[in-house]
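Inside the fold
So the chains spell out like this:
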Amino acid sequence: AFCWVSMSSDRTWEKIQQKTFTGWMNSHLRKRNLVVKDITQDLENGLNLIQLLEIISDEEIPKKSYEKNPKMRIQKVQNVGAGLKFIAGKGVKLAGIGAEEIVDGNLKMILGMIWTIILRFQIQDISMEDLSAKEGLLLWCQKKTAGYPGVNVKNFHMSFQDGLAFCALIHKHRPDLIDWDGLDKSNKALCLQTAFDVAEKHLDVPKLLDPDDLLDVAKPDERSVMTYVALYYHVFASSQKAEVAGRRVAKVLDFAESIDKMKNDYNLRAQQQID
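The text that follows walks through the structure, step by step, so that each part is easy to find. This structure is a prediction, so every number in the text was calculated from the model and none was measured. (Residues numbered from 1 in each chain as written. Predicted model: local features only at pLDDT ≥ 70, side-chain atom pairs only at ≥ 80, totals over all residues. Heavy atoms only, no water.)

Another aspect to go through is the pattern of salt bridges. Tallied over the entire structure, the rule returns 13 salt bridges. When the shortest N-O distance is used, the salt bridge between K76 and E44 registers 3.3 Å. One end of the pair, K76, is in helix α3 (residues 73-88); the other, E44, is in the loop between α1 (2-29) and α2 (47-57), with 32 residues separating them in the sequence. Since its relative accessible area comes to 17%, K76 is described here as buried. Put simply, R73 and D104 hold a salt bridge, and the shortest N to O gap is 2.6 Å. Taken together, the residues R73 in helix α3 and D104 in the loop between α4 (99-103) and α5 (107-123) connect sequence positions 31 residues apart. (Salt bridge = Lys/Arg side-chain N within 4 Å of Asp/Glu carboxyl O. Helix = DSSP H or I, 4+ residues; strand = E, 2+ residues; numbered from the N terminus. Buried < 20%, exposed > 50% of the residue type's maximum accessible area, 1.4 Å probe, protein only.)

See below:
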């Protein structure tokens, strides 16, 4: 019985990760009008992987390093290998992940590879007080949700299960989008659904998770929650940077304006003295 339970929970996290990671990939691939439906099949020739890496790194993988129309297994392995080589070139250790396993549709290996890509390209650049990426993202969540009753972010699994942390993150940055005081905080499914719907509709954050993914499990999948929360971080951090930049520009303009005014005043006074 024990063995069955562990296998069953194993399959649950695999299923949730597969859905989350597929959604994450498609949120990027849509920029090139591409869609991945099944990661165990749609990555086997390496072309979707190469396209994804080019999009998220904003770099081009040399065309001579892969086959544009791979038919044979050896060509597919070469293509996936080109993608893995590119990832490794970014200082990422791909422990035990080989091109053959990806071509053969080994789900665990594919999930491991995509998680490595997410960590390197979506989470690693999150820096908060010299902490590691994961701790930095956690600290960001803690700072942004501080003071919200019932929200206590300690991790990326149980702390997000009731939906309040997601709602608080949105409300903190966009209080116009969520009525925090009117939220039925005892209804976990509703809180989760509210956050997911609002984030998709108003913030262009794809629904990588469903309420069931967090509620129908003893412990939500940490990697899936982190992947989804990182999207919030990037949306809000970029809008904050734009605001700060806007304020700086305004300050510079105000300063330039005051210099002009001083010059004009000086010229006027000098002219009056001459007259």
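This paragraph deals with the environment of A82. Tracing the chain through its elements places A82 in helix α3. What makes A82 buried here is its relative accessible area of 11%. Considered as a pair, A82 and A99 are 17 residues apart in the sequence and their alpha carbons are 8.9 Å apart. With residues near it in sequence (within four places) discarded, A82 still touches S65 and Y66. (Contact = heavy atoms within 4.5 Å.)

Looking at the element boundaries, V235 is found in helix α10 (residues 222-274). A relative accessible area of 24% places V235 in the partly exposed class. Residues V235 and D204, 31 residues apart in the sequence, show an inter-C-alpha distance of 8.4 Å. When sequence neighbours within four positions are dropped, the list of residues in contact with V235 reads L203 and V205.

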